[in-house]
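Take a look at the letters that make up each chain.
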Amino acid sequence: MSEPIVLGYDGSPASELALEWAVVAAADRGLPLKIVVTWSLPPVAFGTGAGGSYEARLMDGLRIDADDTLEKAMTAAQALNPDLRIQGVVLAGPPAASLVEQSHEATMLVLGSHGRSGFNALLVGSVSRQVSTHAACPAVVVRHRADPKAKEVVVGVDGSQHALKALDFAYDYASRRGNVLRVVHTWEVPPIGAITGVPTFSPPELLADIKGNEMRTTAEVLAGHSERYPDVKVIQDVQRGALVHVLTEVSDHTALLVVGSRGRGGFVGLLLGSVGHGVMHHAKCPVAIVH
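Everything quoted here is computed from the prediction, not taken from an experiment.

Definitions and cut-offs
- Residues numbered from 1 in each chain as written.
- Predicted model: local features only at pLDDT ≥ 70, side-chain atom pairs only at ≥ 80, totals over all residues.
- Heavy atoms only, no water.
- Salt bridge = Lys/Arg side-chain N within 4 Å of Asp/Glu carboxyl O.
- Helix = DSSP H or I, 4+ residues; strand = E, 2+ residues; numbered from the N terminus.
- Pairing = 2+ DSSP bridges.
- Axes fitted to C-alpha atoms, helices over the stretch in contact; angles between N-to-C directions.
- Contact = heavy atoms within 4.5 Å.
- Core = buried A, V, L, I, M, F, W, Y, C linked by side-chain atoms within 4.5 Å.
- Buried < 20%, exposed > 50% of the residue type's maximum accessible area, 1.4 Å probe, protein only.

**Student:** Mind showing me how you'd approach the pattern of salt bridges here?
**Tutor:** Side-chain pairs of opposite charge can arise whenever the charged atoms involved come near each other. For the coordinates displayed, the defined rule picks out nine salt bridges. Of the charged contacts in the structure, one is a salt bridge between Asp 237 and Arg 182, with a shortest N-O distance of 3.1 Å. Here Asp 237 is found in strand E8 (residues 234-240), whereas its partner Arg 182 is found in strand E7 (residues 180-187), with 55 residues between them in sequence. Through salt bridges that share partners, Arg 29, Asp 172 and Arg 176 make up one connected network.

Structure (structure tokens):
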């Protein structure tokens, strides 16, 4: 695979962090890094008195600003890795749509959790949400890690096809970075009262049986991957509870959190499932959404 790693960059602190992450990822894979900067007119009405000359001057200013932003990014990336192949492009149009279009010819799409226009109160910016939902390749939303020294890659699995793709991505990343891989599989028992109308507790024997079945299922999923990546140390982590909650908890000490774009219970019409949305908003480390 020779498609580049594509970085969405706008000069914000979040995109600076994403640039550092993308440079390392491209170097690990021996791939070029493509830096994408976009510009578009703000959605405001200038009024009939503004005139076309004002709009033309505004467009010229935006293009010049975008060119300067790209030059800054390329200089920073080259300083981080002088041997890295770097290309850059300035595109006119909404950033999310432009990046999604670029994702069709990319190995991976990388962007910061907030853009230059983001508000601190928003945990994930609108561009990163849209791109992660519609990208045609794995999308990595980069944020500061709660634990900068973390050495574990965590992947959530549920038996779905998207989770298997996430597992492939996580194994590959852990192998390249020399990380430990923690495979998290959660399970839950619906209350019997929800079916019979009579509240009752699940017997311990039933819980033990369900957990045992889930552990065997996870072990079967991992078998083929372990043969392909014998260098990766794997921790099988099967817990009772909601997957979003468990993954968010472990993200405190995680280098990268990986999930599929949709889970086993997702609807086909939902391009990004509840787990993907949940971890993007609440994880305390970079998140990879694998399509």
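Read on for the rest.
**Student:** Quick question: what am I supposed to make of the sheet that holds strand E4 (residues 108-112) here?
**Tutor:** The pairing of strands in a sheet happens through backbone hydrogen bonds and is either parallel or antiparallel. Taken together, 10 strands build an open sheet; the order of strands is E3-E2-E1-E4-E5-E10-E9-E6-E7-E8 and the sheet is mixed. The open sheet has two free edges, formed respectively by strand E3 (86-92) and E8, since each of these has just one partner strand. Each adjacent strand pair in this sheet contributes to an overall mean axis angle of 20°, direction not counted. Helix H4 (residues 126-134) contacts E4, strand E5 (139-142) and strand E10 (287-290) of the sheet and is inclined by roughly 165° relative to E4.

**Student:** Hey, could you run me through the nonpolar core in this one?
**Tutor:** As a rule of thumb, nonpolar side chains are buried together in soluble globular proteins. One finds Leu 33, Val 110 and Val 258 to be the most contacted residues of the largest nonpolar core, which totals 46 residues. Apart from residues lying up to four places away in sequence, Val 258 is in contact with Val 153, Val 154, Val 155, Gly 156, Ala 166, Phe 169, Ala 170, Ala 288 and Val 290. Counting 14 residues, the second-largest nonpolar core is a separate cluster that includes Val 246, Leu 247, Cys 285 and Val 287.

The values are spatial; any link to function lies outside them.
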